[in-house]
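Descriptive structure summary
What follows is the residue order along each chain.
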Amino acid sequence: MTFPGPSSLLIVGASTRAAACSAVRAGLHPICADQFADRDLRVLSEVIFKTDDSAHWLEAVMKQEPRDWIYTGALENRPELIHSINQRHTLLGNAGESLKKVRDPFFLQDLLTNQSIPFATSLPNQAITCSQEQWLRKPLLSAGGQGICFVDSHTPEPADSTQYYLQQYQPGIPLSALFIAYPDRCVLVGTAIQFMGNRALNAAGFQFCGGMTLSPVPPEWRQALKKLGQNVASGCRLRGLFGCDLIWNPEQQPGLSLVEVNPRYTALTELFELQFRLPLLQWHFAACHSCEMPATGGESSVDELIQLLKTGEKQPLSPVSKGILYAPLNLTAPVIDFEPPVGQAIWQIPASADIPDPGAKIPAGSPVCTLYGTGANQEECLTSLAGQILSYQRQIQPELTRDLGRQEVSNMLWSRKESEKLFFSGFFSSRNVSGSFLED
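First, a word on scope: everything that follows refers to the structure included in this document. (Residues numbered from 1 in each chain as written. Predicted model: local features only at pLDDT ≥ 70, side-chain atom pairs only at ≥ 80, totals over all residues. Heavy atoms only, no water.)

Looking at the nonpolar core
Nonpolar side chains in soluble globular proteins generally cluster together in the buried interior. To be explicit about the condition: In this description, a nonpolar core means a group of buried Ala, Val, Leu, Ile, Met, Phe, Trp, Tyr and Cys residues linked to one another through side-chain atoms lying within 4.5 Å. Residue exposure (1.4 Å probe, protein chains only): buried if accessible area is under 20% of the type maximum, exposed if over 50%, otherwise partly exposed. In this analysis, two residues are considered to be in contact whenever any of their non-hydrogen atoms come within 4.5 Å of each other.
Counting residues in hydrophobic clusters, the biggest one holds 120 residues, and the most contacted among them are Leu225, Phe242, Leu246 and Leu258. Ignoring any residue separated from it by four or fewer positions in sequence, one finds leucine 258 in contact with Leu112, Ile117, Pro118, Phe119, Ala120, Leu228, Val232, Cys244, Asp245 and Leu246.

Below you can see the structure in the form of structure tokens.
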């Protein structure tokens, strides 16, 4: 099938390397406005260094020849910048009223009332809550879990409380579901475990730090997730790729709660691409252009994607994981070897990505690089990622990893207890689980 799309694609966001790789897999030449301008991104793309001064990089973006563009996190929090770029380039994604709705927790809460997957109970920041319940204070302009904290007597009120809201804390396991929205249909691509605030990766609080694919989608979730995607897509009039952040309580069925929607290419999209070996940006383009295409063209694109995903899930797919390693303190970037992702290598799962220049100054709490793992099952995948984490941690802070082994780091990523809970709930299929989950 021939997909519509230009020969080049403008990508704007804090970190665009993953999306740039997706663009190359889709046969496009990426041009990226990026906050880090890492070494491997510069191999793939012309890079506009995205500084805090929006006037500087925005001027360079607006000088580019008009072309299609997409954004990554967390540009959804800057609708005025999206509007400005749209004066020159054509957005394949969500803006305007759609963006306003999907980023409004109270709109989503009303939209999903009485649904099998509800939006986690949310209140204005000034609301009085029950002291017996746990609540989170979340920024309305949230990104990657930054700025989220528990509400208690030790938590000071933010300077501008109007920029926050309260969300009831949901105990459970963080998940992500990826969708592609067409005008009349919404396709569930897949689900993944999310890593949040994981100490193995030096992440703090609720900070997003990676994830691991789960395939196939558990049957007890599938219909509820498909309905969730359709409800969110139609209620907010979304187009193309978007992600839903959820919490799963294994004690309930299906036990899922929606906590946030990311109306764009998400950080875990590349894992699904590498697992299914599908250039998802091609279908994103088809979905966003579908209003301009004959009805048969849009339908055939949807049907082909659904069939390819079904075929993929029937195969013994190996899970893919990634971890974003954060700096535990101010440090100088070490020399990190990497293979440039060119040619067929763009489909290979790399050892690492988002590679900083040697000697670059990395402030505490900032990302150092992204690491990957894979294996025949979830345990092997996590062990593979743990090995990568140990190797890179020893380069940046050897004194803290001297006594750590792979299994300990793997358990820090995903505890044996949690894995056993998943296993006994029937979550993992027999072909994906090794007997070692049952060992003492």
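Some words on the packing of aromatic side chains
Put simply, the rule reads: Aromatic rings from Phe, Tyr and Trp, taking only the six-membered ring of Trp, are treated as a pair when their centres fall within 6.5 Å; an angle between ring planes under 30 degrees marks them as stacked, one over 60 as edge-to-face, and anything in between as tilted. For a lysine, the NZ atom is tested; for an arginine, the CZ atom; a charge sits over a ring if that atom is within 6 Å of the ring centre and within 35 degrees of the ring normal.
Under the defined criterion, the tally for this structure stands at 6 aromatic pairs. Plain terms: the ring middles of tryptophan 69 and tyrosine 71 are 6.0 Å apart, the flat faces sit at 45° to each other, and that makes the pair tilted. Under the relative-accessibility criterion, tyrosine 71 is labelled buried at 3%. Aromatic rings pair up to connect Phe150, Tyr169 and Phe206 into one cluster. We note arginine 25 situated over the ring of tryptophan 347; from NZ or CZ to the ring centre the distance is 5.6 Å.

Some details on the pairing of strand 10 (residues 173–181)
We count it as follows: For helices the rule is a DSSP run of H or I covering at least 4 residues; for strands it is a run of E covering at least 2, with both sets numbered from the N terminus onward. In this description, strands pair whenever DSSP reports at least two bridges between them.
Of all 9 residues making up strand 10, 8 are buried, and the element is well covered by its neighbours. Pairing analysis gives 9 bridges linking strand 10 to strand 13 (residues 240–248), with the strands arranged antiparallel. Residue pairing for strand 13: isoleucine 180 is matched across the bridge by leucine 241. Across 7 bridges, the pairing between strand 10 and strand 11 (residues 186–196) is antiparallel. Opposite leucine 175, over in strand 11, you have isoleucine 193 as the bridge partner.

Details of the sheet that holds strand 8 (residues 149–150)
The pairing of strands in a sheet happens through backbone hydrogen bonds and is either parallel or antiparallel. Here 4 strands make up an open sheet; going across it, the order is 6-9-7-8 and the pairing antiparallel. Taken across any chain shown, the strands that pair with only one partner, and hence form the sheet edges, are strand 6 (122–124) and strand 8. Direction of pairing for strand 7 (residues 135–139) relative to strand 8: antiparallel, over a ladder of 2 bridges. In the strand pairing of strand 8, leucine 136 is matched with phenylalanine 150.

Observations regarding helix 7 (residues 219–236)
Put simply, the rule is: Helix span, expected: 1.5 Å multiplied by one less than the number of residues in the helix.
When the terminal C-alpha atoms of helix 7 are compared, their 26 Å separation across 18 residues agrees well with the 26 Å that a helix rising 1.5 Å per residue should span. Residues of helix 7 that are buried: Trp221, Ala224, Leu225, Leu228, Gly229, Asn231, Val232, Ala233, Gly235 and Cys236.

Focus on helix 4 (residues 79–86)
Operational definition: An arc is given here, and it is the one of the directions from the helix axis to the C-beta atoms.
For helix 4, the set of buried residues is Leu81, Ile82 and Ile85. Down the axis of helix 4, the sector holding all buried residues measures 100°, keeping them to one side. On its buried side, helix 4 packs onto strand 1 (8–13), helix 3 (54–62), strand 4 (68–71), strand 5 (90–91) and helix 5 (96–102).

Digging into the pattern of salt bridges
As a reminder, the rule being used: Just to be clear on terms, a salt bridge is a Lys or Arg side-chain nitrogen sitting within 4 Å of an Asp or Glu carboxyl oxygen.
This model, assessed by the stated rule, comprises 12 salt bridges. The salt bridge partner of glutamate 260 is lysine 138, with a shortest N-O separation of 3.7 Å. One end of the pair, glutamate 260, is in strand 14 (residues 256–262); the other, lysine 138, is in strand 7, with 122 residues separating them in the sequence. With a shortest N-O distance of 2.5 Å, arginine 222 and glutamate 313 are connected by a salt bridge. Of this pair, arginine 222 sits in helix 7 while glutamate 313 sits in helix 10 (residues 295–313), placing them 91 residues apart in sequence. Owing to a relative accessible area of 25%, arginine 222 belongs among the partly exposed residues under this scheme. Looking at glutamate 313, the relative accessible area reads 13%, which means it is buried. Here the residues in one salt-bridge network are Arg17, Glu270, Lys322 and Asp354, joined through shared partners.

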